[in-house]
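Structure at a glance
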Amino acid sequence: MTFKKLILQNYKKFTNKEIYFNSGINVILGDNEAGKSTISEALLDALYADPRTQNKSVLGRIKSWKTDENPKIELIFEHNANEFSIIKDFAKKEAKLTNIDSGKSITNLEDITDSIAEVVGLATREVYQSTAFISHDDIARIATTDKSFVNALQNIATEGPEDVSLQGILITLNDELKKMRLGMDRHANNPGPLRLSENRIKEIKAEILQKSDQVKKVAESAQLGTSADKELAEVEEKIKEIEQLLENYSINEKAQEKLKSLDAQIKQIEWTLVAYEDLQRKKTHMTSDLEMYSQYKKFDAEKASLELNRLLDLRKLASEELNRISIIDSKDDFSPTKDVFLKTLLFVGLLAIAGVSYLIFRQWLLTAVVLVLGAIIALLFSKLIGKSAHDAINSQREQNKQNVDQWKFKIQSATEGIKKILDDFRVEDPSGFFTNKARYGLLNENLRQVDSQISGLLLKASINDIKQEQINLLQAKKEIEINTLTNEVKKSKITSHEYLSFSRELDKLYNKQKDLQKQLTVSHVRVSDSEVDTDYITRLEEELETNNLNLLYWRKKEKIYQLAYDNIKQALKETAKTASAVVESEIEKDLKQLTAGRYQKVRMGDDFSLTVYSPEKESWVNPIDNLSSGTIDQIYLLARLGFLKAITKNNGVPIICDDAFVTFDLNRRGELMGIFKLLAERYQILLFTLYPEYEEWGSLYKIS
Amino acid sequence: MTLKLAHVSDVHLGAKLVYLGAKAEDHRNNIKKSFKNAVDTATMRGADIFVISGDLFDSSFPSKSVQIFALDNIKRLIEKGIYFVLISGNHDRRESGSVYDSSMITEYKNEKFRLITKEIQEEWLIEELGTRIVAAGTEHQKNKKTPYAGLQRNGNYKFNIGVFHGSVDIKGEPDNNPIRLADLKASKFNYFALGDWHNTLQAMKGLDAWYSGSPELIDSDQERAGNMLFVTLDDARPASIEVVKVGLKSILKKEIDVGAFQSFEQIIQNLKTEKNKDLILNLTLKGLKSVDFVLNEQDIIQLLNEDYYFVNLKNETELKLTEKDLASYPQDMLIGRYIKLLMDQKKKDDNEGNEIIDEAIQLGVALLKGGKV
């Protein structure tokens with residue numbers, strides 16, 4: 001393909017401009033702002049621009065500086081010995097590709113684009129730019145470091161703008177991935193979004209779990225409370241029932257006991273009353289009996305008794321005295337008995353003296369003497385006593401006579417006194433007196449005993465009190481029977497065995513009640529203490545969802561970045577692999593000449609890096625370390641054109657150099673010219689430059 | 001004699017609104033406000049009975065503050081002499097320790113308030129209004145057996161009203177507390193206040209059985225939520241049903257084919273034309289996008305956030321890579337090779353990974369073309 005002519009209308013600074021190109025090297029010389037870049041851009045627009053575009057940046061870039069008219073570009077080119085014209089009319093928004101030789105045209109933009117892609121061999125403007133369009137930056141980028149050289153080589157394969165660095169992209173992607181994953185493998189103070197989201201999700205989940213657990217517990221507590229409440233009500237009902245039953249039992253028992261006691265008291269009172277009546281009757285009889293002995297009450301019976309006894313004793317004594325006196329009187333002397341006694345006594349005494357004398361003297365004679373003497377003395381003494389006794393009897397007889405009178409008087413007085421007493425007490429003889437007196441005393445004693453019994457019976461109370469008490473007790477009994485022993489009490493009559501059983505059940509129920517009350521309290525405390533704000537849980541759940549989405553977003557982003565990273569790397573590798581043979585062959589064609597035979601072989605790596613074989617060193621070496629910068633530039637250009645050839649399948653695309661070598665020194669430019677002259681045999685070269693030094697490189701076209 | 005009935009259901013106080021992100025708390029307040037609106041409307045219009053056909057709460061264990069709010073509003077109605085019927089729904093079903101088991105709601109006693117939570121038909125005779133209410137609560141999340149069969153009108157009462165929470169067998173066998181239309185129809189009740197479905201809906205044409213829908217939208221797919229029903233019953237049949245809007249937010253459902261737009265900006269521009277801060281925009285992006293047409297979901301949401309109450313974005317777009325597109329990226333070049341590698345993976349992967357591969361293609365191409373991460 002060879003560009004022949006470019007016609008610009010209202011395209012940037014050019015209102016009307018025609019530029020002609022030759023085969024080989026075309027030097028388009030012009031000052032700054034002369035429009036060199038505009039022409040190079042216009043060539044690409046002629047091939048690739050869409051005249052229907054509404055894209056403001058595109059329209060802004062190409063619009064006329066002088067008119068309001070939209071631009072029109074026409075490019076005439078030669079391809080396979082045919083001349084073609086391509087028109088992009090931005091005013092009419094039309095495109096047209098015409099085979100000038102055949103006169104055939106197509107106007108459908110898509111068809112035109114396809115045809116151009118086929119003719120040029122480069123599908124898009126971008127591909128053209130990255131391969132056959134060599135800018136100043138492309139060369140400048142090579143610099144002299146290995147890295148920048150590789151970057152420049154890699155950049156050939158990209159369709160982006162010149163400043164795109166593949167390594168830069170990979171580093172950026174990797175950095176982004178690292179940032180995203182920060183803290184995933186090991187702790188990081190400022191973790192990335194993935195870890196942050198995961199952590200937050202973990203935190204929220206834990207909190208939700210805890211809160212939900214709390215809610216569950218509260219619900220369980222509330223439920224426990226509710227069921228405890230219900231059960232408590234049942235238990236309390238049952239307690240009430242049993243308590244009532246037991247109370248009724250107790251009431252019944254007490255009432256029965258009370259009734260028993262009342263009955264006993266009533267019986268006692270009845271008995272008392274009967275006994276009282278008996279005693280009263282006895283007392284009446286006794287009182288009536290006592291009436292018969294009223295004299296004893298009227299007179300002092302005791303005194304009378306003493307007087308009577310005295311009088312009786314006196315009369316008896318007087319009688320006895322009279323008798324004695326009469327007896328004494330009946331005797332004339334002293335009594336022979338008494339005399340005999342005395343004589344016997346004297347005789348015995350004499351015998352006793354005779355016996356003692358014999359014992360002392362042991363001689364009968366002496367004993368007889370003593371005995372005679374004693375008999376004489378005794379005889380004398382007996383005569384003396386007889387005489388005094390006779391005298392005394394006479395005197396006594398006189399005295400007795402006086403005494404008899406006295407005693408007779410006393411007897412009379414005593415008899416009269418006795419009679420008076422007996423008359424007073426209306427008895428006939430003293431024994432009657434004493435008998436009646438004894439009877440009276442006995443009656444009185446009995447009466448006292450009855451009284452004592454009555455007062456013992458009544459215990460200081462009056463009989464009326466007792467009767468009242470009886471009434472009271474009966475009333476109390478009735479009261480109990482009616483008011484205490486109600487039908488309900490009677491109905492709930494249970495046995496003592498049942499009572500015990502119920503009591504035990506009640507104890508159990510009390511314990512149960514306590515437990516339930518405790519449960520209820522615990523439940524209330526738990527519910528009120530641990531009440532959870534469910535709104536808060538809702539917010540947590542929402543935050544969880546947001547974080548889940550966030551995590552999903554970052555995981556997706558991570559996958560996207562990882563895919564981009566891996567596949568850019570892989571694409572680079574594969575692109576390099578595909579192009580390497582052509583690129584290596586293209587470089588090797590000129591390498592020997594360029595390096596004066598020092599290097600002949602080149603090898604391109606997976607990452608577009610180049611190594612050259614040094615026969616001197618017998619090894620593959622890095623060109624950056626071993627070749628001059630000019631040679632490096634040449635190798636870069638060869639590599640680039642080799643890549644161009646690889647992708648265009650040798651279609652001979654015009655190479656556009658937009659002041660690519662502006663900063664090159666004389667030597668470097670000289671070396672470059674050599675390679676350009678070689679390249680010009682295979683490619684049309686449009687060299688846009690500011691510098692007249694390039695004038696002689698080829699056909700010159702000056703723009704002003 | 002006329003009976004005025006305010007019918008509300010599925011309020012879902014305290015609802016979990018995960019799809020609303022940072023707006024969830026605000027919308028929970030909207031739900032409260034809309035319920036309050038319903039209560040105010042019933043009061044203002046002199047309703048005789050206020051019915052909640054289940055799911056007043058979003059869960060069986062609502063927070064204290066939500067319970068207080070609900071009870072305050074119940075009391076407000078009762079203080080105005082309005083009868084209040086509340087049944088449990090499948091979301092706030094009666095469970096042990098739940099709000100309908102033991103709470104300030106269950107402790108509240110008033111002759112004009114009736115709480116029905118058991119899955120058996122209960123009858124409430126309101127002599128003063130000549131009304132008989134038959135209702136059943138919910139005790140299960142899913143209940144296949146219907147508690148609503150065997151209904152029969154009681155002629156002693158002028159108005160026989162059913163209050164139920166479940167699914168009507170409109171299409172096939174319903175899965176929750178089934179309500180058979182045949183039962184409803186045969187009963188000759190004056191009105192059925194139904195709950196469970198969040199959109200306002202008449203269960204069957206010609207039958208006075210209605211779902212009032214939620215007074216505020218709960219989920220993002222409820223385009224006909226945000227209402228209460230004001231029902232007037234008299235001798236005339238059918239009942240007069242008025243759908244009263246009480247909700248604050250509505251749904252705007254949009255499907256955009258990105259293929260019809262030249263740029264991302266155009267799409268945003270288009271979406272801004274219907275902007276409304278009371279709308280939740282449910283946006284689905286569909287169609288094919290070119291490799292350069294990068295749709296950053298976060299950016300779209302951010303750009304529209306000020307124009308709508310909330311934006312839900314579903315990106316169902318697919319990367320468009322025609323043969324021509326592929327041809328424009330020669331496989332000998334990096335981008336072409338990169339695309340090919342990923343397209344090969346896409347062929348191997350199931351659909352789940354496609355979206356990731358598409359985005360990886362877009363990211364890689366953008367980077368290789370000099371774009372930034």
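This report concerns the structure included in the present document.

Calculation criteria
- Sequence order as written defines residue numbering, which begins from 1 separately in each chain.
- To label them, take the chains in the order written and letter them from A, then take the ligands in the order written and number them from 1.
- The model is predicted, so local features are restricted to residues of pLDDT at least 70 and side-chain atom pairs to those at 80 or more, both for listing and for counting; the totals for chains, interfaces and linings are taken over all residues.
- Note that the side-chain values use all heavy atoms of the structure and ignore hydrogens as well as water.
- Categorising residues by exposure relies on relative accessible area from a 1.4 Å probe, with only protein chains included: less than 20% of the type maximum marks a residue as buried, more than 50% marks it as exposed, and the intermediate range marks it as partly exposed.
- Strands are runs of DSSP state E lasting at least 2 residues, helices are runs of H or I lasting at least 4, and numbering of each runs from the N terminus.
- Criterion used throughout: strands pair if DSSP finds at least two bridges between them.
- Ring pairs are drawn from Phe, Tyr and Trp, using the six-membered ring of Trp, whenever the two centres fall within 6.5 Å, and their geometry is named by plane angle: stacked under 30 degrees, edge-to-face over 60, tilted for the rest.
- Placement of a charge over a ring requires the Lys NZ or Arg CZ to be within 6 Å of the ring centre, with the centre-to-atom vector within 35 degrees of the ring normal.
- Expected span of a helix, by definition, is 1.5 Å for each gap between consecutive residues, and there is one gap fewer than residues.
- Axis definition: a line fitted to C-alpha atoms, limited for helices to the stretch in contact. Angles are taken between N-to-C directions and run from 0 to 180 degrees.
- Working rule for contacts: check all heavy atoms of both residues, and any pair within 4.5 Å makes them a contact.
- Residues belong to one nonpolar core when they are buried, are Ala, Val, Leu, Ile, Met, Phe, Trp, Tyr or Cys, and are joined through side-chain atoms within 4.5 Å.
- A cavity here means a set of points on a 1 Å grid, drawn over the protein atoms and nothing else, where a 1.4 Å probe fits but cannot get out; a pocket is an open set with protein on both sides within 12 Å along at least five of seven lines, and a residue lines either one if it has an atom within 4 Å of a point.
- Grid points are joined across faces, edges and corners, and a volume is the space filled by probe spheres set on the points.
- Excluding any residue in a salt bridge, patches collect residues exceeding 30% relative accessible area, merging like charges within 9 Å and nonpolar Val, Leu, Ile, Met, Phe, Trp and Tyr side chains within 5 Å.
- For every accessible area listed, the method is Shrake-Rupley and the probe measures 1.4 Å; residues are considered covered only by the protein chains on display.
- In what follows, salt bridge is the name for a side-chain nitrogen of Lys or Arg lying within 4 Å of a carboxyl oxygen of Asp or Glu.

**Here we look at the pairing of strand S5 (residues 82-89) of chain A**
Residues and elements named next belong to chain A. Extensive coverage of S5 is indicated by the burial of six of its eight residues. With eight bridges joining them, strand S4 (residues 72-79) and S5 adopt antiparallel strand pairing. Bridging across to S5, Glu78 finds its partner in Glu83. The turn linking S4 back onto S5 is made up of two residues, and Asn80 within it adopts a positive phi angle of 50 degrees.

**Quick notes on the packing of aromatic side chains**
The final tally for this structure, using the stated rule, is 28 aromatic pairs over all chains. With a centroid separation of 5.7 Å and an interplanar angle of 65 degrees, the aromatic rings of Tyr83(B) and Trp124(B) are classed as edge-to-face. Taken together, the positions of Tyr83(B) in strand S3 (residues 83-87) and Trp124(B) in strand S5 (residues 122-126) put the pair 41 residues apart, joining distant regions of the chain. In this pair, the class of Tyr83(B) matches that of Trp124(B), namely buried. Each residue in the set Tyr293(A), Tyr296(A), Phe299(A), Phe425(A), Phe433(A), Phe434(A) and Tyr440(A) is aromatic and connected to the rest through ring pairs, giving one cluster. One residue, Lys23(B), lies across the ring of Tyr309(B), its end atom 4.7 Å from the ring centre. Over the ring of Phe69(B) we find Lys32(B); its NZ or CZ atom is 5.4 Å from the centre of that ring.

**With respect to helix H8 (residues 334-348) of chain B**
The terminal C-alpha atoms of H8(B), which comprises 15 residues, lie 21 Å apart, in line with the 21 Å expected from a rise of 1.5 Å per residue. Regarding H8(B), the residues found buried are Leu334(B), Ile335(B), Gly336(B), Arg337(B), Tyr338(B), Ile339(B), Leu341(B), Leu342(B), Met343(B) and Lys346(B).

**Description of the sheet that holds strand S4 (residues 113-116) of chain B**
All names here are of chain B. Read from one edge of the open sheet, six strands run S4-S3-S2-S1-S11-S12, paired in mixed fashion. Sheet topology places S4 and strand S12 (240-245) at the edges, where each strand pairs with a single neighbour. For this sheet the average axis-to-axis angle between neighbouring strands, irrespective of direction, equals 20 degrees. Of the strand pairs in this sheet, strand S2 (residues 49-52) and S3 are connected by four bridges, and their pairing is parallel. Bridged to Ile49 within S3 is Tyr83. Of the strands in this sheet, strand S1 (3-8), S2, strand S11 (227-233) and S12 touch helix H1 (residues 24-44), which is tilted by about 155 degrees from S2. On top of the sheet, helix H2 (residues 64-79) reaches S2, S3 and S4; it is set at about 150 degrees to S3, its chief contact.

**Things to note about the side chain of Thr575(A)**
With respect to the helices and strands, Thr575(A) occurs in helix H17 (residues 534-594). If sequence neighbours within four positions are ignored, Thr575(A) has contacts with Ala157(A), Phe608(A), Phe643(A), Asp332(B), Met333(B), Leu334(B) and Arg337(B).

**Here we look at the nonpolar core**
Residues Phe3(A), Tyr128(A), Phe661(A) and Phe676(A) are the most contacted members of the largest nonpolar core, which totals 138 residues. At 18 residues, H17(A) tops the list of elements feeding residues into this core. Setting aside chain neighbours within four positions, we find Phe661(A) in contact with Ile139(A), Leu637(A), Leu672(A), Phe676(A), Leu687(A) and Tyr694(A). Counting residues in each nonpolar core, the second largest holds 45 residues, with Ile82(B), Val99(B), Met228(B) and Ile280(B) among its members.

**Some thoughts on unusual backbone geometry**
Residue and element names in this part refer to chain A. One non-glycine residue, Ala81, adopts positive backbone phi at about 65 degrees. The topology assignment puts Ala81 in the loop between S4 and S5. Classification of Ala81 by relative accessible area gives exposed; the value is 67%. Located in the positive-phi region is Glu618, a residue other than glycine, with phi close to 55 degrees. With respect to the helices and strands, Glu618 occurs in the loop between strand S10 (610-614) and strand S11 (619-621).

**Observations concerning empty space enclosed by the protein**
Under the counting rule described, the total for this entry stands at two cavities of 30 Å³ or more. In this structure, the largest cavity occupies an estimated 50 Å³ of space. Every residue along the wall of the largest cavity is listed here: Asn190(B), Asp208(B), Leu233(B), Asp234(B), Ala236(B), Arg237(B), Pro238(B) and Ala239(B). Computed from the structure, the second largest cavity encloses a volume of approximately 30 Å³. Lining the second largest cavity, in full, are Ile7(A), Leu8(A), Gln9(A), Lys72(A) and Glu74(A). At the level of elements, strand S1 (2-11) and S4 of chain A are the ones that each hand at least two residues to the lining of the second largest cavity. If one sorts the elements of the lining of the second largest cavity by residue count, S1(A) sits on top with three residues.

**Thoughts on a nonpolar patch on the surface**
Residues and elements named next belong to chain A. A cluster of nonpolar side chains, Val356, Ile360, Phe361, Leu365, Leu366, Val369, Val372, Leu373, Ile376, Ile377 and Leu380, forms an exposed patch at the surface whose accessible area comes to about 1000 Å². Elements with a minimum of two residues in the nonpolar patch: helix H11 (336-361) and helix H12 (364-424). With respect to the helices and strands, Val369 occurs in helix H12.

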